Amino acid sequence: MKRTLSLFILFAVTIFVLWSTMNKTSEERLAQVPKNQRFVELFMETFKLTAMDETGAPSYTLNGERLEKFNNSDDTEIRKPVFHMLQPEKQWVVSADFALLNDKDETIMLKENVVMQQQNTEPAVTIRTPNMMIYTRTQIAKTKAPVEITQGNSQIHSIGMIYNNITSDLELSSDVNGYYLPFDQAL
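Student: Even after reading the chapter, I still don't get the pattern of salt bridges, so can you show me in this structure?
Tutor: Applying the stated criterion across every chain, the model contains 5 salt bridges. Between Arg66 and Glu45 there is a salt bridge, and its shortest N-O distance comes to 2.0 Å. One end of the pair, Arg66, is in strand E2 (residues 58-70); the other, Glu45, is in strand E1 (residues 40-52), with 21 residues separating them in the sequence. Here Glu45 falls in the partly exposed class, since its relative accessible area comes to 47%. Asp97 is paired through a salt bridge with Lys80; the nearest N and O atoms lie 3.2 Å apart. Taken together, the residues span a long stretch of sequence, with Asp97 in the loop between strand E5 (90-95) and strand E6 (98-102) and Lys80 in the loop between strand E3 (75-79) and strand E4 (82-87) at a distance of 17 residues. Given the relative accessible area of 23%, Asp97 is considered partly exposed.

Quick look at the structure:
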């Protein structure tokens with residue numbers, strides 16, 4: 001009798017456990033997403049972000065069509081990003097088709113049709129390249145890809161560049177060629 005009672009209790013507990021795990025609601029099942037499955041944690045449509053420097057002044061703004069932050073990555077994906085470097089007297093607008101923003105590394109990797117254009121200057125300097133990495137804290141932009149720099153009728157080509165927005169230093173890496181026309185002689 002004791003053995004039958006123990007067997008009955010074991011059977012009842014087994015049935016209860018099976019019943020409780022099988023009757024989970026769909027919300028409970030969604031809460032148990034496997035860790036290796038990729039999903040969007042955060043997204044924004046038509047957004048604008050402003051980052052402040054150590055003094056509390058705006059350092060840069062970033063806007064775009066769509067922002068997506070995924071659960072399994074430190075990168076935030078951005079479609080049609082427009083990045084504004086806001087250093088006094090040294091303002092640039094950088095646009096691209098796509099970007100990866102990494103807050104941990106303080107970088108923005110701009111990809112496909114990158115155009116960096118100087119603001120508040122005539123004629124403005126325009127830099128075109130397939131991709132560019134911008135270090136947001138130090139305001140350094142760099143690429144190893146081909147670069148085309150234009151200002152008025154002047155044009156310079158290079159493979160790779162490093163631009164420091166704080167010091168206004170531009171370093172062209174290799175295979176530099178082109179022509180520079182002074183502004184008073186430009187057509």
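That was the structure; now back to the text.
Student: What should I look at first to understand unusual backbone geometry in this one?
Tutor: Note: most peptide bonds trans; most residues except glycine with negative phi. Residue Pro123 follows Glu122 across a cis peptide bond; omega there is -10°. One non-glycine residue, Asp175, lies in positive phi territory at about 50°. With respect to the helices and strands, the residue Asp175 is situated in strand E11 (residues 169-179). Here Asp175 falls in the exposed class, since its relative accessible area comes to 54%.

Student: Can you help me understand the packing of aromatic side chains in this one?
Tutor: Taken as a whole, this structure holds 2 aromatic pairs when the rule is applied. Considering the side-chain rings of Tyr60 and Phe83, the 4.9 Å spacing of their centres and the 40° angle between planes classify their relative orientation as tilted. Of this pair, Tyr60 sits in strand E2 while Phe83 sits in strand E4; the two residues are 23 residues apart in sequence, bridging distant segments of the chain. With respect to class, Tyr60 is no different from Phe83; both count as buried.

Student: Is there a simple way to think about the side chain of Asn102 in this case?
Tutor: If you trace the backbone, Asn102 turns up in strand E6. By relative accessible area, which is 8% here, Asn102 ends up buried. At 2.9 Å, the side chain of Asn102 forms a polar contact with the side chain of Asp75. A polar atom in the side chain of Asn102 sits 2.8 Å from the backbone nitrogen of Asp105.

Student: How should the environment of Asn113 be read in this particular structure?
Tutor: Examined against the element boundaries, Asn113 turns out to sit in strand E7 (residues 107-118). Each C-alpha atom, one on Asn113 and one on Met132, is 9.8 Å from the other, the two residues being 19 residues apart in sequence. A distance of 2.5 Å separates polar atoms of two side chains, one belonging to Asn113 and the other to Asp97.

Student: Any chance you could explain the nonpolar core here in plain terms?
Tutor: Across soluble globular proteins, you tend to see nonpolar side chains buried next to one another. Residues Phe83, Val94, Leu110, Met116, Ile127, Met132 and Ile134 are the most contacted members of the largest nonpolar core, which totals 26 residues. Aside from chain neighbours lying at most four places away, what touches Leu110 is Pro81, Val94, Ala96, Phe98, Ala99, Pro130, Asn131, Met132 and Ile134.

Student: Can you walk me through the environment of Met109 in this structure?
Tutor: Looking at the element boundaries, Met109 is found in strand E7. With residues up to four places along the chain from it excluded, the contact list for Met109 reads Phe98, Ala99, Leu100, Asn131, Met132 and Met133.

Student: Sorry if this is basic, but what is going on with the pairing of E2 here?
Tutor: In regular strands, side chains alternate between the two faces of the sheet. Counting buried positions over the 13 residues of E2 gives 10, a clear majority of the element. By the bridge criterion, 11 bridges tie E1 to E2 in an arrangement that is antiparallel. The partner of Thr50 across the bridge, within E2, is Thr61. The hairpin formed by E1 and E2 contains 5 residues between the paired strands, and Gly56 there has a positive phi angle of roughly 95°. Sheet analysis places E2 next to E3, joined by 4 bridges and oriented antiparallel. Directly across from Arg66, in E3, lies its bridge partner Arg79.

Cut-offs used in this document
- Residues numbered from 1 in each chain as written.
- Predicted model: local features only at pLDDT ≥ 70, side-chain atom pairs only at ≥ 80, totals over all residues.
- Heavy atoms only, no water.
- Salt bridge = Lys/Arg side-chain N within 4 Å of Asp/Glu carboxyl O.
- Helix = DSSP H or I, 4+ residues; strand = E, 2+ residues; numbered from the N terminus.
- Buried < 20%, exposed > 50% of the residue type's maximum accessible area, 1.4 Å probe, protein only.
- Phe/Tyr/Trp six-rings, centres within 6.5 Å; stacked < 30°, edge-to-face > 60°.
- Polar contact = N/O pair within 3.5 Å; in protein donor to acceptor, adjacent residues only side chain to side chain.
- Core = buried A, V, L, I, M, F, W, Y, C linked by side-chain atoms within 4.5 Å.
- Contact = heavy atoms within 4.5 Å.
- Pairing = 2+ DSSP bridges.

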